[in-house]
Amino acid sequence: MKILINTISTKKHSGGAFQISQNFMLKSMEHTDVEWYYVASQDLDDAIGDKFAHLKGERYFVFPTQPDFKGSYNRVKKELAELEAKIQPEVVYSITAPSYFSFKTTEVMRFTNPLVTHPNKYSWSMLPFLEKVKTKLYCFNQVRLMKKAGYFITQTETTKQGILRITGLPNDHCKVVNNVLPGVFKTMNNTPIVEDDWINVACVGNPVPHKNFDIVPDVIAELVAKGIKNVRFHMTIPMGHPMEEVVMGRIEKMGLKEHAINHGRVTQKELGEMYRRCQLCFLPTLLEVFSASTVEAMYFNLPIVATDFPFNTEVLADACLYYEPKNAKDAADKFAQMIADKELQATMRERMARQLAIYGDYDAHFNAIKEYLIQVAKKEV
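Fair warning: this is a prediction, and the values are worked out from it, not measured in the lab. (Residues numbered from 1 in each chain as written. Predicted model: local features only at pLDDT ≥ 70, side-chain atom pairs only at ≥ 80, totals over all residues. Heavy atoms only, no water.)

Overview of the overall build of the protein
Item 1. Along its length, the protein carries 16 helices and 13 strands.
Item 2. Over its C-alpha trace the protein gives a radius of gyration of 22 Å, about what one expects of a compact globule, namely 21 Å for 381 residues.
Item 3. Here the protein holds 381 residues, and 55% of them are scored as buried.
Item 4. Summarising the internal contacts of the protein: among those between residues at least 6 apart in sequence, 69% fall at separations of at least 24.
Item 5. By element, 52% of the accessible surface of the protein is carried by carbon and sulfur atoms, the whole surface being about 17,000 Å².
Item 6. Taken together, the 46 basic and 44 acidic charged side chains of the protein have centroids lying 5 Å from each other. (Helix = DSSP H or I, 4+ residues; strand = E, 2+ residues; numbered from the N terminus. Rg over C-alpha atoms; globule rule 2.2 N^0.38 Å. Buried < 20%, exposed > 50% of the residue type's maximum accessible area, 1.4 Å probe, protein only. Contact = heavy atoms within 4.5 Å. Areas by Shrake-Rupley, 256 points an atom, 1.4 Å probe, with all protein chains shown as cover. Lys, Arg positive; Asp, Glu negative; His and termini not counted. Charge placed at Lys NZ, Arg CZ, Asp CG, Glu CD.)

Regarding a nonpolar patch on the surface
Item 1. A cluster of nonpolar side chains, namely Phe129, Leu130, Val133 and Leu137, defines an oily patch on the protein surface of about 460 Å² accessible area.
Item 2. The residue valine 133 is located in helix α6 (residues 129–146) in this model. (Patch = residues over 30% accessible without salt bridge, like charges linked within 9 Å, V, L, I, M, F, W, Y side chains within 5 Å. Salt bridge = Lys/Arg side-chain N within 4 Å of Asp/Glu carboxyl O.)

Quick notes on the sheet that holds strand β8 (residues 199–203)
Item 1. The parallel open sheet is built from six strands, whose spatial order is β10-β9-β8-β11-β12-β13. For this open sheet the edge positions go to β10 (260–262) and β13 (321–323), each flanked by a neighbour on one side alone. Between one strand and the next, the sheet's axes are offset by a mean angle of 25°, whatever the strand orientation.
Item 2. Examined bridge by bridge, strand β12 (residues 304–307) and β13 share three bridges and lie parallel to one another. Its bridge partner lying in β13, threonine 307 is registered against tyrosine 323.
Item 3. This element, helix α14 (residues 328–340), spans β8, β9 (231–235), β11 (280–283), β12 and β13 of the sheet and lies at about 160° to β13. (Pairing = 2+ DSSP bridges. Axes fitted to C-alpha atoms, helices over the stretch in contact; angles between N-to-C directions.)

A closer look at the pattern of salt bridges
Item 1. For the coordinates displayed, the defined rule picks out 17 salt bridges.
Item 2. Among the ionic pairs, aspartate 363 bridges to lysine 27, the shortest N-O distance being 2.6 Å. Of this pair, aspartate 363 sits in helix α16 (residues 362–377) while lysine 27 sits in helix α1 (residues 16–28), placing them 336 residues apart in sequence.
Item 3. Owing to a relative accessible area of 40%, aspartate 363 belongs among the partly exposed residues under this scheme.
Item 4. Arginine 232 is the salt-bridge partner of aspartate 196, the closest N and O atoms lying 3.0 Å from each other. You can see aspartate 196 sitting in the loop between α8 (183–186) and β8 and its partner arginine 232 sitting in strand β9, a full 36 residues away along the chain.
Item 5. For aspartate 196, a relative accessible area of 30% gives the class partly exposed.

A word on helix α10 (residues 242–253)
Item 1. The terminal C-alpha atoms of α10, which comprises twelve residues, lie 16 Å apart, in line with the 16 Å expected from a rise of 1.5 Å per residue.
Item 2. Buried residues of α10: Met243, Val247, Met248, Gly249 and Ile251, and no others.
Item 3. Once α10 ends, the next one or two residues include glycine 255, with phi positive near 75°. (Expected span 1.5 Å × (residues − 1).)

Below, the structure is given as structure tokens:
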């Protein structure tokens, strides 16, 4: 059986999709019962191309990262169509989707844009007017492209229901395969490192508005006002990004500079070391499909304070303290509760271990996707 893995639109700064694409492609080489073919973006090839050098030109093909409408798009569209006709795969799996290309072969899209499937008033409220208009047009186009695919893979039931509502497809045309702890973290030591008397809080994610990192200064101020003066938040906003000034600049103006450290963009190894030096985790996100930070925090045994949304409760269940979105006082109250109660922290760690058992097996994750792709190829769904 021939399966074509399409990652032509996977960008190096696309967050979780970049790592997910790498993990799936590398794992596929262990599964020789399928004849895998690969269409890789230049960004992805730069990261893992050496692992596929022996397949280049035969089953591994690299294209300029797409969409590049003002440059190579039309040429790539023609070459991709020719390649598909030559390979004649039974199914195409587009990991970053929509990829802005159409296939004659049955396509399975891995779709994870929550602004399309389950937006909410909080997430839209974070966008300025012009950005809101631009985003709505972008989402409208994604819906148009979604309707060209007959099958989907996504990470949560919440997202699946949104996909089915938009496309009108039967239930078995969308498969939920939960996100899992990246394999690289499972090899890391997760023993805590305590270097001082600070209560260190991990607040990790990409610098996009719906992550709501700009609430951090207000949460710090509320905690300090409560007399908790040894709390320090650790963030990973890229240096020089406008959000760095919004968040870190405001913290400094409020006279709270010692209560926050921005580490900038970090490698997974560096992120693991940061987690080991933290005691708690903060997930202020207003919109998500399945944040990798959730399972990472559970692996490193960091009790979590998170926004009260279905995309969080579906994954964390009762292994978390939830607060009202955008309410800094409520978030600070939950942190104060967690910090004051060691027994509560222990209970949360026990519950996190139970939840992590559900989301900790990458082999099961890969196999579930592979089996669904085979089912689609055989027209069993």
